[in-house]
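Architecture and fold: a report
These are the residues of each chain, in order.
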Amino acid sequence: MSDKVRVRIAPSPSGNLHIGTARTALFNYLYAKKTGGTFVLRIEDTDAERTEQAYVDNIFDSLKALGLNWDEGPDVGGEYGPYTQSQRFDIYPKYAQILLDKGYAYECFCTNEELEHEKEEAVKNHKPYVYSRKCLDITPEQREQYIKEGRKPSIRFKVEHKELVFNDMVKGELKFDTSLIGDFVIMKSNGAPTYNFAVVIDDMLMKISHIIRGEDHISNTPKQILIYEALGAKVPEFGHLGMILAPDRSKLSKRHGATAVSDFVKEGYLTDALINFVALLGWAPSDSVEIKTVDEIAQDFRINEISSSNSIFEYDKLNWMNGQYIKKMDISKLTDMIIPFLEGYDLSELSREKLEKMVEITREPLTTLKEIKDAVPYFFGEHVPLDEVKELLNTELSKNVLNKFLTLAQGWDFSDEEKIHNDLADLRTEFKEKYGYKPKETMWAIRGAITGRTRGADMVGILTVIGKEKTILRTKEALSTIKV
RNA sequence: GGUCCCAUCGUCUAGAGGCCUAGGACACAUCCCUUUCACGGAUGCGACAGGGGUUCAAAUCCCCUUGGGACUACCA
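Residues numbered from 1 in each chain as written. Chains lettered and ligands numbered in written order. Predicted model: local features only at pLDDT ≥ 70, side-chain atom pairs only at ≥ 80, totals over all residues. Heavy atoms only, no water.

**A look at the domain arrangement of chain A**
- Domain boundaries in chain A define domain 1 (6-87 + 244-312), domain 2 (89-241), domain 3 (329-379) and domain 4 (387-481).
- Each of domain 2 and domain 3 was reduced to a C-alpha centroid, and the two centroids are 55 Å apart. (Domains from an automatic or database assignment.)

**Side note on the sheet that holds strand β3 (residues 105-108)**
- Pairing in this open sheet of 3 strands is antiparallel, and the strands run β3-β4-β7 from one edge to the other. What marks the edges here is a single partner per strand, and that holds for β3 and β7 (185-187). The average angle at which neighbouring strand axes cross in this sheet is 45 degrees, direction not considered.
- As paired elements, strand β4 (residues 154-157) and β7 share 2 bridges and run antiparallel to each other. From the neighbouring strand, isoleucine 155 faces β7, where its bridge partner is methionine 187. (Pairing = 2+ DSSP bridges. Helix = DSSP H or I, 4+ residues; strand = E, 2+ residues; numbered from the N terminus. Axes fitted to C-alpha atoms, helices over the stretch in contact; angles between N-to-C directions.)

**Some points on the protein's contact with RNA strand B**
- In the vicinity of RNA strand B there are 61 residues, among which Lys188, Leu280, Gly282, Glu364 and Gly456 approach most closely.
- Sugar and phosphate atoms form 72% of the subset of RNA strand B atoms that lie within 4 Å of the protein.
- Within the backbone of leucine 280, one N or O atom sits 2.6 Å away from a sugar or linking oxygen of RNA strand B.
- Residue glutamate 290 places a side-chain N or O atom 2.6 Å away from a sugar or linking oxygen belonging to RNA strand B.
- Elements supplying a minimum of two residues to the surface near RNA strand B: α4 (112-124), β4, β6 (172-177), β11 (311-312), α11 (315-328), α17 (417-435), α18 (439-451) and α19 (459-481).
- Broken down by class, the residue content of the surface near RNA strand B amounts to 20 nonpolar, 18 polar and 23 charged. (Near = heavy atom within 4 Å. Polar contact = N/O pair within 3.5 Å; in protein donor to acceptor, adjacent residues only side chain to side chain. Nonpolar A, V, L, I, M, F, W, Y, C, P; charged D, E, K, R; others polar.)

**A few points about the pairing of strand β8 (residues 210-214)**
- Among the 5 residues in β8, 5 count as buried, and that is most of the element.
- By the bridge criterion, 5 bridges tie β8 to strand β9 (residues 237-241) in an arrangement that is parallel. When the sheet's bridge partners are listed, isoleucine 212 is paired in β9 with glycine 239.
- The parallel pair β8 and β9, bridged by helix α7 (residues 221-230), forms a crossover whose chirality is right-handed. (Buried < 20%, exposed > 50% of the residue type's maximum accessible area, 1.4 Å probe, protein only. Right-handed = clockwise from strand over helix to strand, strands pointing away.)

As structure tokens, this is what we get:
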């Protein structure tokens, strides 16, 4: 047995990969990277009702997109497979039997009605619900009787009453009074293991050394430790992370917008930005440089310095960060990513080169990729709607500027960016000196005519992308609307 | 109801008894830069939940209160 760090992420495929699960996966991944350990992916599909293959695929894809590659898992295999719980069903009964044989577990024939009744009683008396142990000492005769009746037993773990203490990697010492736990079911009457049992068996068999998960699992931990102890297995280290909450401090759910990693991607968030953002929820870099790759974060990662409180998921900073990533990204890659968001435009109008140029000059104010769609309409089509700029254009100033601009444009080689840039600069100076037009007013006239807007990308860049023909056409059209 | 967790600017956080008249980032405001929007730069606004202790000294340790969260299944 080695002391190598082995961590895991064990999502259940009853939905797309949740952003919270992604963060848990990240912290596990970081811990593995930092310690030279192994990162395991296990799919917990015990609940056949809610499991769908599409979700399994989504989990795989999302994790990969985030750069959280696993060393062992359902697809890549590994020494301790299978890594899909539904393929491990024959394993659990064996261990349940061991517990039965050793007296750590017993069969329970209670019906749902009986159990419900116990619960109601507990609520009525303001007591915590603890199973009555009604079936702990049933006689063999009684057992026979139940079996004859066709009752199928569940198997309950016999909880030893004591104070259970463990040292949590992020929260410190945690104490529990196990007499409040109640003998919980480990094998359902249908033969399937319960979550608490299956995880322990799997983690034990997969030699998971450190379990980093959300604090919603804290109350499961004593149960799981009890099982490890009963089995004589080494108890792993636990670390419980605070939760990610919505701005209203409730659990992050669909009604707050995106919750799955793939939802964020559809909204135009970059997975690099997402994972970076989520890393900062509960963890801070030692050099206060916040924009970092996962590998850089791993270098600096200290698990005991994770914040133990919950954190609220606010979009402001995510948006800012996403914008930072968009600005820094390689143009060709960015263009590839942006194309799907350009739905509705005829991309064949632009060469790849011009498309990249367009992306280059429009990327700066973007906060999400989705915003590209509203930023680029004037790069496409012959004409441009002038309603927005009608008044701006209908002035002496615009008329003068556009007439001059037209002559200039007719003489330009539109691949000569520098020439255009200089001519435009001269034009601004000239009109400023001659008529007192402010530089921005001069440009507004041109921008208005060419784009139908008063704001947008760099004008020189726009011109080189749309070319001479459209420039002249649109300028003439704009001129024709001027009545002054 | 019970058990458990948590508590620094609006948000994410730095802070492990004196370095704190509490630092950074996002957001917001103002200014600068500028062919627009933006980017970038500068400045500003802005917090130790409350109350008790411990100590020469507390954001940091302890207790109580308050507030938030999780769990309370033969779901995972």
